[in-house]
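# Reading the structure
Below are the chains, spelled out letter by letter.
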Amino acid sequence: MNLPLLHSSILLWYEKKGRKSLPWRDKTSKNRAYRVLVSEIMLQQTQVKTILERFYFPFLEKFPTLETLSKAKEEEVLLQWRGLGYYTRARNLLKCAKICCESHKGILPKDIESLQKLPGIGRYTAGAIACFGYDRAVSFVDSNIKRILTRFFALQSPSPKLLESKAKTILNTQEPFNHNQALLDIGATLCTPKNPKCTQCPLQPFCQGKENPTFYTPTKKTALLKQTLEIGIFIQDSKFALTKSQTKLYYNLYNFPLISPPKSHQTNKLGILKHAYTKYNLTLHLYSLQSQELLQQTQQKIEFFTQEELKNLPISSMTLKILDFLKKSTIN
């Protein structure tokens, strides 16, 4: 393999086709490493378009530095994360900020080992921060780069250790920033899971798996766990009854209370919604409750909020979906 030619091909492609306009790739921005951290945490399980349109800039406007984030309350951070889902990411981000301001003089560490000790930061995210935030010549593997390497070296079920090794062998140590950004873009736009655009790929002349790329990256379907929830809707004086969750998935977020399967004379069935969350495929049965006594039977602490107050409340994406449903129904 002609490594210099491979490197030049990758960089030339990135110069012409790369997504260089993404805001977290701006090497001149202040607090660059922090902005990379926020983007990488947000991009876990979420598409670039969603982050750009709704979350990245409002979050940085509210918490422009690691220090301002470290001083925030969890409820404030969850509010900015509202609708993004996977709220453990937001909690870990807050924990990272607090640890850095307490133990690292208010800055993110520059080395991978120290970064990996922070909550929610694995090997890939640590490498991305070191490279994109501090220009360190390090390689790393996410799902996109894994797919590229698996096809490029014609590997069948490679171990993470082997993939890390292969990524290191093709790393451009002179241009690590552009090299790694290019690989991420190639994986996202060309070396896709299905119907990869091999003829447009700068790695194609060197790729050992180009004749049958999908053979090396078979798609695996993960079955979601099905669960049915009975949810009570009670409105008093134009205020919605909600409860703050103490369970792991929705911890400290407000939701409509869960109820026991109701009797027909006590409730009015509003409808059924479908909602996917992490590994769950939820079926939500919505009931309008006739009296507050039914809420008391749930043994959950109930709080009441107006529609205006809901705008500034950290609530889950499931609750947002229910509220949207209620807006279109006669109950609201």
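Just so you know, these numbers come straight off a predicted model, no measurement behind them.

Reading guide: rules and limits
- Residues numbered from 1 in each chain as written.
- Predicted model: local features only at pLDDT ≥ 70, side-chain atom pairs only at ≥ 80, totals over all residues.
- Heavy atoms only, no water.
- Helix = DSSP H or I, 4+ residues; strand = E, 2+ residues; numbered from the N terminus.
- Buried < 20%, exposed > 50% of the residue type's maximum accessible area, 1.4 Å probe, protein only.
- Contact = heavy atoms within 4.5 Å.
- 1 Å grid on protein atoms, 1.4 Å probe; cavity = no way out; pocket = protein on both sides within 12 Å on 5 of 7 lines; lining within 4 Å.
- Points joined across faces, edges and corners; volume = space filled by probe spheres on them.
- Nonpolar A, V, L, I, M, F, W, Y, C, P; charged D, E, K, R; others polar.
- UniProt positions renumbered as here; feature names shortened; annotations may be inferred.
- Salt bridge = Lys/Arg side-chain N within 4 Å of Asp/Glu carboxyl O.
- Axes fitted to C-alpha atoms, helices over the stretch in contact; angles between N-to-C directions.
- Parallel < 35°, antiparallel > 145°, perpendicular 65-115°, else oblique.
- Phe/Tyr/Trp six-rings, centres within 6.5 Å; stacked < 30°, edge-to-face > 60°.
- Lys NZ or Arg CZ within 6 Å of the ring centre and 35° of its normal.

A few words now on the environment of Ile 170. Tracing the backbone shows Ile 170 in the loop between α10 (160-169) and α11 (176-189). According to the relative accessible area criterion, Ile 170 is buried, its value standing at 1%. With 31 residues separating them along the chain, Ile 170 and Ser 139 place their C-alpha atoms 8.8 Å apart. Excluding residues that lie within four positions of it along the chain, Ile 170 makes contacts with Met 1, Leu 3, Leu 6, His 7, Leu 149, Phe 152, Phe 153 and His 179.

Here we take up unusual backbone geometry. Its identity is not glycine, yet Lys 105 carries a phi of approximately 60°, on the positive side. For Lys 105, a relative accessible area of 82% gives the class exposed. A positive phi angle, close to 65°, is found at Ser 238, a residue other than glycine. By the element assignment, Ser 238 lies in the loop between β2 (235-236) and β3 (239-244).

For the rest of this paragraph, the subject is empty space enclosed by the protein. The tally for this structure, following the rule as stated, stands at two cavities of 30 Å³ or more. In this structure, the largest cavity encloses a volume near 130 Å³. Every residue lining the largest cavity is counted, 14 residues in all, and those nearest its centre are Cys 191, Cys 198, Cys 201, Leu 203 and Cys 207. A breakdown of the residues in the lining of the largest cavity according to their chemical character gives 10 nonpolar, one polar and three charged. Of the volumes computed, that of the second largest cavity is approximately 30 Å³. Forming the walls of the second largest cavity are Ser 139, Phe 140, Ile 145, Ala 167, Leu 171, His 179, Asn 180 and Leu 183. The element that contributes the greatest number of residues to the lining of the second largest cavity is α11, accounting for three residues. Considering only residue class, the lining of the second largest cavity consists of five nonpolar, three polar and no charged.

Another point: the UniProt feature "domain: HhH-GPD" (unreviewed entry) in the protein chain. As recorded in UniProt, the sites labelled "domain: HhH-GPD" (unreviewed entry) are residues 42-189. A distance of 19 Å separates the end C-alpha atoms of residues 42-189, which is 64% helix and 0% strand.

So, on to the pattern of salt bridges. Tallied over the entire structure, the rule returns 10 salt bridges. For the salt bridge of Lys 311 with Glu 308, the shortest nitrogen-to-oxygen distance reads 3.2 Å. Both residues of the pair, Lys 311 and Glu 308, count as exposed.

With that settled, the discussion passes to the packing of helix α1 (residues 3-17) against α11. One way to put it is that α1 packs onto α11 with a least axis distance of 9 Å and a crossing angle of 70°. What the angle tells us is that α1 and α11 run roughly perpendicular. Here His 7, Ile 10, Leu 11, Trp 13 and Tyr 14 of α1 come into contact with α11, specifically with Asn 178, His 179, Gln 181, Ala 182, Leu 183, Asp 185, Ile 186 and Thr 189. Looking at the contact of α1 with α11 residue by residue, the classes come out as seven nonpolar, five polar and one charged.

Let's shift gears to the packing of aromatic side chains. Aromatic ring pairs are defined here through the distance separating the ring centres and the angle between the ring planes. Applying the stated criterion across every chain yields a total of 12 aromatic pairs. Measuring from ring centre to ring centre gives 5.0 Å for Trp 24 and Tyr 56, while their planes differ by 75°; the resulting arrangement is edge-to-face. Highlighted residues: Trp 24 in the loop between α1 and α2 (32-43) and Tyr 56 in helix α3 (residues 48-62), separated in sequence by 32 residues. Between Phe 152 and Phe 153, the ring centres sit 4.9 Å apart and the planes meet at 80°, which makes this aromatic pair edge-to-face. An aromatic cluster of at least three residues, connected via ring pairs, comprises Tyr 124, Phe 132, Phe 140 and Phe 177. Sitting over the ring of Phe 153, Lys 166 keeps its end group 4.6 Å from the ring centre.

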